[in-house]
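Observations on the three-dimensional arrangement
Each chain, letter by letter, is given below.
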Amino acid sequence: MKRLRLGLTAFNTFITWGCLLCMTLLCAGLSERNSRAEAFRNFGSQLSTAAAYLQNQDRLSLNWLTQLEAVGNLHTAISDGGRPLYSAGLDPSRGGSAVTQAREIARQEQGYPEKNRLFTCAFPMRTADGRSYYAGVAKIPKGRGSLELTLLYPLDSLEARLCRQRLAVGLGTLLAMGLLGGFSWVFTGKLLRPIEESQRQEKAFIAAASHELRTPLTAILSAASAMERAEGPEKETFSQVIRREGKRMGRLIEDMLTLASADSGGWQVRPQRIEPDMLALESYEAYAPQAKAKGLKMNLEIPQEVPAIFADPDRVSQALSILLDNAISCTPPPGHITLGVSSQGRKLRFAVSDTGPGVPDSEKERIFRRFYRGEKARTDKSHFGLGLSIAAEIAARHGGDLRVEDNPTGGAVFILELPLR
């Protein structure tokens, strides 16, 4: 089961994480694309603003150039008719420089005009030393000549910011994977817990059933072995033992099959309209002789008007038989047993009370477990601890409830409640 839990956890984690990773990579890619596009638009706006400023100014302001470079993190170069006016450390006359490369790209690929007219272009480029830039070249008519403006925006800061963003996304994804793994472990644990409990109950059921079956089987085998050596009346005695233990084993197997059918979903409840007073009367008439034979007094309490219910008459009668049989078995003579019927609100109540030893508070929940028998019932070989669990299953299948309470006069009261529909 632990290996299954690990497998389900891994499967759920990687499937969910894979979907999350694909969505994260898609969103991160779109975010980086938008960041680059926004940076390129801002660079183009700065190029257009600088070109318009130079076109409208007769004098070149060093303060303005310094401010332009500081605010936009730009490198600037300006020439007049091919003569350098301002380069800020980027000498356009040096071969292979970024400024020279940008101007060559503008002339060869961006449609740089030969005539004296306003022209601007912006494009990304990579220099021979591997550095990346957004480059902008502008031709600005001034009188009979023209100024040539070159702006370079190094992408180092943008790439560093995108790298930090990728790192944050990666760490977030790993954290999400860890959280998904923890959640999947807890979720699969809760998902498998009913299966583990079912397996545990199944093992306990098989172990208890094997133990209970071994007792009558041992008695049968012992009696059969002794009967081979016996003669006369002794053979009949051992034959009676075999029949008695065989019947006992048959009852146990029948109860086990009943519960197994209920567990597998093959136990059908066929509700129909029944009269509870008639059902109680039939159960009373069936068990009154048995109670009398044991020296017990059995009473029946039915009000004048009892509402009809929709239930399976065979199953309800089976539950009442179990309760009455337990009451007769646990009540010592002289005592009395009462079967009563009443209605309260939207529920119909069957109550079987006795004057036996009662049920301790510590056992009021456990007696409905399979193969559980209280200390006082362990010596009774006719009961295997399955009857009350069957009765509780019948109550549950009808949407009702079975519980035990203390009898005010001593003993126990088993209450079977069924909904009125």
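In case you missed it, the structure is sitting above this.
Predicted model only: the values in this text are computed from it and were never measured.

Concerning the overall build of the protein
Summing up its helical and strand segments, the protein has eight helices and twelve strands in all. The proportion of buried residues among the 421 residues of the protein is 38%. Considering only contacts within the protein whose residues lie at least 6 apart along the sequence, 65% involve residues at least 24 apart.

Section: the packing of aromatic side chains
For the structure shown, the criterion picks out eight aromatic pairs. Relative to Tyr 134, the ring of Phe 40 has its centre 5.0 Å away and its plane inclined at 75 degrees; by these criteria the two rings are edge-to-face. Here Tyr 134 lies in strand β4 (residues 132–142) and Phe 40 lies in helix α1 (residues 2–56), a separation of 94 residues in the sequence. Given a relative accessible area of 6%, Tyr 134 falls into the buried group. Ring centres of Phe 183 and Phe 187 lie 5.9 Å apart, and the angle between their planes is 15 degrees; this geometry places the pair in the stacked category. Of the two residues, Phe 183 and Phe 187 are both situated in helix α4 (residues 156–229); the distance of four residues between them amounts to about one turn of the helix. For Phe 183, a relative accessible area of 53% corresponds to the exposed category.

Details of the sheet that holds strand β2 (residues 83–86)
One open sheet accounts for five strands, arranged β2-β1-β5-β4-β3; its pairing is antiparallel. Taken across any chain shown, the strands that pair with only one partner, and hence form the sheet edges, are β2 and β3 (119–126). For this sheet, the mean inter-axis angle between neighbouring strands, taken without regard to orientation, is 25 degrees. The pairing of β3 with β4 spans eight bridges and is classified as antiparallel. Note on β4: the bridge partner recorded for Thr 120 is Ala 138.

Observations regarding the pairing of β4
Burial of β4 is extensive: nine of the eleven residues sit out of reach of the surface. Joining the antiparallel neighbours β3 and β4 is a turn of five residues, in which Gly 130 adopts a positive phi near 90 degrees. Pairing geometry for β4 and strand β5 (residues 145–154), over ten bridges, is antiparallel. When the sheet's bridge partners are listed, Tyr 133 is paired in β5 with Pro 154. Connecting β4 to the antiparallel partner β5 that follows it, the hairpin turn spans two residues, and Gly 143 within it adopts a positive phi of roughly 65 degrees.

Comments concerning the nonpolar core
Phe 350, Phe 414 and Leu 416 are the most contacted members of the largest nonpolar core, which has 40 residues in total. In terms of residue count, helix α7 (residues 313–330) provides more of this core than any other element does, eight residues in total.

Parameters at a glance
- Numbering of residues starts from 1 in each chain and follows the order in which that chain's sequence is written.
- Local features in this predicted model are restricted to residues of pLDDT 70 or higher, and side-chain atom pairs are both shown and tallied only at a pLDDT of 80 or more, whereas totals for entire chains, interfaces and linings draw on every residue.
- Side-chain measures were taken over the full set of non-hydrogen atoms in the model, leaving aside hydrogen atoms and water.
- Strands are runs of DSSP state E lasting at least 2 residues, helices are runs of H or I lasting at least 4, and numbering of each runs from the N terminus.
- Accessible area is worked out with a 1.4 Å probe on protein chains only. A residue is then buried under 20% of its type maximum, exposed over 50%, and partly exposed in between.
- Between two residues, a contact is recorded if the distance between any of their heavy atoms is within 4.5 Å.
- To pair, rings of Phe, Tyr and Trp, with the six-membered ring standing in for Trp, must have centres within 6.5 Å; the planes then decide the type, stacked if under 30 degrees apart, edge-to-face if over 60, and tilted in the middle.
- Whether two strands pair comes down to DSSP finding at least two bridges between them.
- Structural elements are reduced to axes, namely lines fitted to C-alpha atoms, with helices fitted over the stretch in contact, and the angle between N-to-C directions of any two is expressed from 0 to 180 degrees.
- To define a nonpolar core, start from buried Ala, Val, Leu, Ile, Met, Phe, Trp, Tyr and Cys residues and group those joined through side-chain atoms within 4.5 Å.

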